[in-house]
Amino acid sequence: MRPARTVAVLAASALLAVGTSASASGATPPVDGRTRAVVPDPAPSGQPYVSAITAVSAADLTSSWRPGCPVPPEDLRAVTVTHTDFTGASRLGRIVVHADVAQAVAEVFADLYAQRFPIASVRPVEAFGGSDDASMAADNTSGFNCRATTGGGGFSEHSYGTAIDVNPVENPYVRGTTVLPEAGRAHLDRSPEPGRITAGDAVVEAFAARGFSWGGDWNSLKDYQHFSISGD
């Protein structure tokens, strides 16, 4: 039997060989001694789910981290995941999160892949110069970003690597007349549609099973894209 690390390499190579776009969501990180891999049964798409967890450094976080942020780079991990895009194709993406939740995040994305839940893009915010607005406008699913809370001055939960935003266009931030991103206004109707997250659905359940709370349950505002460990 091949070790799991070897299987992960072979599975990732197979995805790329059949046309999975690594460039659409960042290049695949090296699978080395620092990496753990999860390779469950093949998903309905026919391609196996692959997840690799890799250490990062300050050099990898040129626009999302700076001295004075609440967590150092050594406490963060890059999680490479397989996801289904809106065309039904299998893609490789990468998301940066805190080391303490990296395995849980890999498991969440395994559930979403098995459910064929479409995700437009999974890329670190470095691809957008650290701009949360640009990442949201691109409908990008992201994790760590050392920044202030939306409309506030304190550190966002994303600054700790323990929050994830999923499909921001289909699942906008809504507070009064403010909708972020702007394209999210087309999705204020929260009836089930591809890529949307709704109360009690499989996406909410997958995150909740790993200790994440959903911003769609908030009362003073709705952050339908947002999942966090602290509930903030």
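The coordinates are above.
Attention here is on the structure that accompanies the text. (Residues numbered from 1 in each chain as written. Predicted model: local features only at pLDDT ≥ 70, side-chain atom pairs only at ≥ 80, totals over all residues. Heavy atoms only, no water.)

### Considerations on the overall build of the chain
And then number 1: Counting secondary structure elements, the chain contains four helices and 12 strands.
And then number 2: Expressed as a percentage of its 232 residues, the buried residues of the chain come to 50%.
And then number 3: Look at the contacts in the chain between residues 6 or more apart in sequence, and 57% of them connect residues 24 or more apart.
And then number 4: Surface accessibility of the chain: about 9800 Å² in total, with carbon and sulfur atoms responsible for 53%. (Helix = DSSP H or I, 4+ residues; strand = E, 2+ residues; numbered from the N terminus. Buried < 20%, exposed > 50% of the residue type's maximum accessible area, 1.4 Å probe, protein only. Contact = heavy atoms within 4.5 Å. Areas by Shrake-Rupley, 256 points an atom, 1.4 Å probe, with all protein chains shown as cover.)

### Focus: the state of the cysteines
And then number 1: Applying the stated rule across the entire model yields one disulfide.
And then number 2: Two residues share a disulfide in this structure: Cys69 and Cys146, whose sulfurs sit 2.2 Å from each other. The sign of the -110 degrees torsion about the S-S bond sets the Cys69-Cys146 disulfide as left-handed. One end of the pair, Cys69, is in the loop between β2 (51–55) and β3 (76–84); the other, Cys146, is in the loop between β6 (140–141) and β7 (163–165), with 77 residues separating them in the sequence.
And then number 3: On the basis of relative accessibility, which here comes to 11%, the residue Cys69 falls in the buried class. (Disulfide = S-S within 2.5 Å.)

### Points about the nonpolar core
And then number 1: Core analysis: the biggest nonpolar cluster contains 30 residues, and Phe207 and Phe227 have the highest contact counts within it.
And then number 2: Of the residues forming this core, the biggest block, nine residues, is contributed by helix α2 (residues 99–114).
And then number 3: Leaving out residues up to four positions away in the same chain, Phe207 has contacts with Val108, Leu112, Ile164, Val166, Phe212 and Phe227.
And then number 4: Ranked by size, the runner-up nonpolar core spans nine residues in total, among them Cys69, Leu76, Val96 and Phe144. (Core = buried A, V, L, I, M, F, W, Y, C linked by side-chain atoms within 4.5 Å.)

### Structural notes on the environment of Phe227
And then number 1: Relative to the elements of secondary structure, Phe227 occurs in strand β12 (residues 226–228).
And then number 2: For Phe227, a relative accessible area of 0% gives the class buried.
And then number 3: Between the C-alpha atoms of Phe227 and Val166, which are 61 residues apart in sequence, the distance is 8.1 Å.
And then number 4: In this view, Phe227 contacts Thr162, Ala163, Ile164, Val166, Ile197, Val203, Val204, Phe207, Phe212, Ser213 and Trp214; residues no more than four positions away in its chain are not counted.

### Examining the pairing of β3
And then number 1: The buried fraction of β3 is high, at eight of nine residues.
And then number 2: Relative to β3, β2 is paired through five bridges, and the arrangement is antiparallel. Paired with Ala55 across the bridge in β3 is Arg77.
And then number 3: Relative to strand β4 (residues 90–98), β3 is paired through nine bridges, and the arrangement is antiparallel. Across the sheet, His83 pairs through a bridge with Arg91, a residue of β4.
And then number 4: As consecutive antiparallel partners, β3 and β4 are separated by five residues, and within that stretch Gly88 has a phi angle of approximately 90 degrees, a positive value. (Pairing = 2+ DSSP bridges.)

### Structural notes on the packing of aromatic side chains
And then number 1: One pass over the structure, following the stated rule, counts four aromatic pairs.
And then number 2: Relative to Tyr224, the ring of Trp214 has its centre 6.1 Å away and its plane inclined at 50 degrees; by these criteria the two rings are tilted. Of this pair, Trp214 sits in strand β10 (residues 213–214) while Tyr224 is found in the loop between β11 (222–223) and β12, placing the two residues 10 residues apart along the sequence.
And then number 3: Trp214 gets classed as buried once you look at its relative accessible area, which sits at 6%.
And then number 4: Members of the aromatic cluster, each reached through a chain of ring pairs, are Phe207, Phe212 and Phe227.
And then number 5: Note that Arg190 overlies the ring of Tyr224, its terminal NZ or CZ placed 4.3 Å from the centroid. (Phe/Tyr/Trp six-rings, centres within 6.5 Å; stacked < 30°, edge-to-face > 60°. Lys NZ or Arg CZ within 6 Å of the ring centre and 35° of its normal.)

### Focus: unusual backbone geometry
And then number 1: A cis amide bond links Leu180 to the next residue, Pro181, at an omega of -5 degrees.
And then number 2: Positive phi is not limited to glycine here, since Asp139 has a value of about 60 degrees.
And then number 3: Its location among the elements puts Asp139 in the loop between α3 (132–137) and β6.
And then number 4: At Asn167, a residue that is not glycine, the phi angle is positive and equals roughly 45 degrees.
And then number 5: Under the relative-accessibility criterion, Asn167 is labelled buried at 0%.

### Focus on the sheet that holds β11
And then number 1: Taken in spatial order, the three strands make up an open sheet running β9-β8-β11, and their pairing is antiparallel. In this open sheet, the two strands that pair with only one neighbour each are β9 (178–180) and β11.
And then number 2: Sheet topology places strand β8 (residues 173–175) next to β9; three bridges connect them, and they run antiparallel. The residue bridging Arg175 from the neighbouring strand is Thr178, located in β9.

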